[in-house]
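Survey of secondary and tertiary structure
Spelled out from the first residue to the last, the chains are:
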Amino acid sequence: MSDKPDNPYSPPAGAGGTGTSHADYVPSVFGLHGRIGRARYLMYSVYPTCAALVLLAPMFMLPNIFLKFAVIGFGLLSLLSHLLIVAARRLDDMDQPRWLIVLLGVPVVNGLFVLYLLSFPGDPQANRHGAAPTSSLSALTKSLWVSCALPPLILLALYLLATFKLPV
């Protein structure tokens, strides 16, 4: 048997001293550590935000104001923590310090910072945060189609919820 790898374009196993090859690392959605690329950053940010909009919109119809603000506040706090973790993981991919997520709290700068996270590529090789994430073109294509369909569906759902009146 030959010592040549099956795919001549794949990096050798253990590249970068991480112990895993480039082809083996697939990021998880809810992980606290690990690198994610631009497409995954977009998906991991947009989908939970859309889900939060749909799930939290009916909470505005709750009659108890304390319960209303408690549920909405908890939902927004959990969404914010997820978005901060995703931004930190994107910074790990770009080999930038994680403290830069503080820029998300600065008005106007936060929009530019998100554009920076979406525009600039990460390190193609393994860095101190781990192996480079794999890319899945078919999953990316499917998710982009879904992300085009989500906003009109969410607007329709929010419109229907806004026109629905509870018999009180």
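Residues numbered from 1 in each chain as written. Predicted model: local features only at pLDDT ≥ 70, side-chain atom pairs only at ≥ 80, totals over all residues. Heavy atoms only, no water.

With an unreviewed UniProt entry as reference, the chain is termed DUF805 domain-containing protein, source organism Massilia aquatica.

Further remarks concern the packing of helix 1 (residues 38–56) against helix 2 (residues 65–93). Contact geometry of helix 1 with helix 2 gives a least axis separation of 10 Å together with a crossing angle of 180°. Considering the angle they form, helix 1 stands roughly antiparallel to helix 2. Of the residues in helix 2, those in contact with R38, Y41, Y44, S45, P48, T49, A52 and L56 of helix 1 are V71, I72, G75, L76, L79, H82, L83, V86, A87, R89 and R90. For the contact of helix 1 with helix 2, the per-class residue count stands at 12 nonpolar, four polar and three charged. (Axes fitted to C-alpha atoms, helices over the stretch in contact; angles between N-to-C directions. Helix = DSSP H or I, 4+ residues; strand = E, 2+ residues; numbered from the N terminus. Parallel < 35°, antiparallel > 145°, perpendicular 65-115°, else oblique. Contact = heavy atoms within 4.5 Å. Nonpolar A, V, L, I, M, F, W, Y, C, P; charged D, E, K, R; others polar.)

For the rest of this paragraph, the subject is the packing of aromatic side chains. Counted by the stated rule, this structure contains two aromatic pairs. Between Y116 and F120 the ring centres are 5.0 Å apart and the planes differ by 50°, which places this aromatic pair in the tilted class. Classification of F120 as partly exposed rests on a relative accessible area of 46%. Aromatic ring contacts, followed pair by pair, group F113, Y116 and F120 into a single cluster. (Phe/Tyr/Trp six-rings, centres within 6.5 Å; stacked < 30°, edge-to-face > 60°. Buried < 20%, exposed > 50% of the residue type's maximum accessible area, 1.4 Å probe, protein only.)

Residues I36, Y41, M43, Y44, V86, A87, L91, M94, L100, F113 and L117 constitute the largest nonpolar core, which totals 11 residues. When residues of this core are traced back to their parent elements, those giving at least two are helix 1, helix 2 and helix 3 (109–119). (Core = buried A, V, L, I, M, F, W, Y, C linked by side-chain atoms within 4.5 Å.)

Between its first and last C-alpha, helix 2 extends 42 Å over 29 residues, near the 42 Å set by a 1.5 Å rise per residue. Here helix 2 starts with a cap whose side-chain oxygen sits 3.1 Å from the backbone nitrogen of F66, and that cap is N64. D95, located one to two residues past helix 2, shows a positive phi value of around 60°. (Expected span 1.5 Å × (residues − 1). Polar contact = N/O pair within 3.5 Å; in protein donor to acceptor, adjacent residues only side chain to side chain.)

Here we take up the UniProt feature "transmembrane region" (unreviewed entry) in the chain. Within the UniProt annotation, "transmembrane region" (unreviewed entry) is assigned to residues 41–60, 66–87, 99–118 and 144–162. Between the C-alpha atoms that bound residues 41–60 there is a distance of 29 Å. The span itself is 80% helix and 0% strand. (UniProt positions renumbered as here; feature names shortened; annotations may be inferred.)

In contact at an axis separation of 8 Å, helix 1 and helix 3 are set at 135° when each is read in the N-to-C sense. Classified by the interaxial angle, the pair formed by helix 1 and helix 3 is oblique. Residues R38, Y41 and L42 of helix 1 form the contact with helix 3, whose participating residues are V114, L117, L118 and S119. Looking at the contact of helix 1 with helix 3 residue by residue, the class counts come to five nonpolar, one polar and one charged.

Phi angles above zero are rare outside glycine, and D95 is one such case at about 60°. Take D95: it is sitting in the loop between helix 2 and helix 3. D95 gets classed as partly exposed once you look at its relative accessible area, which sits at 29%. The phi torsion at V108 lies on the positive side, around 70°, for a residue other than glycine. Mapped onto the elements of the fold, V108 is located in the loop between helix 2 and helix 3.

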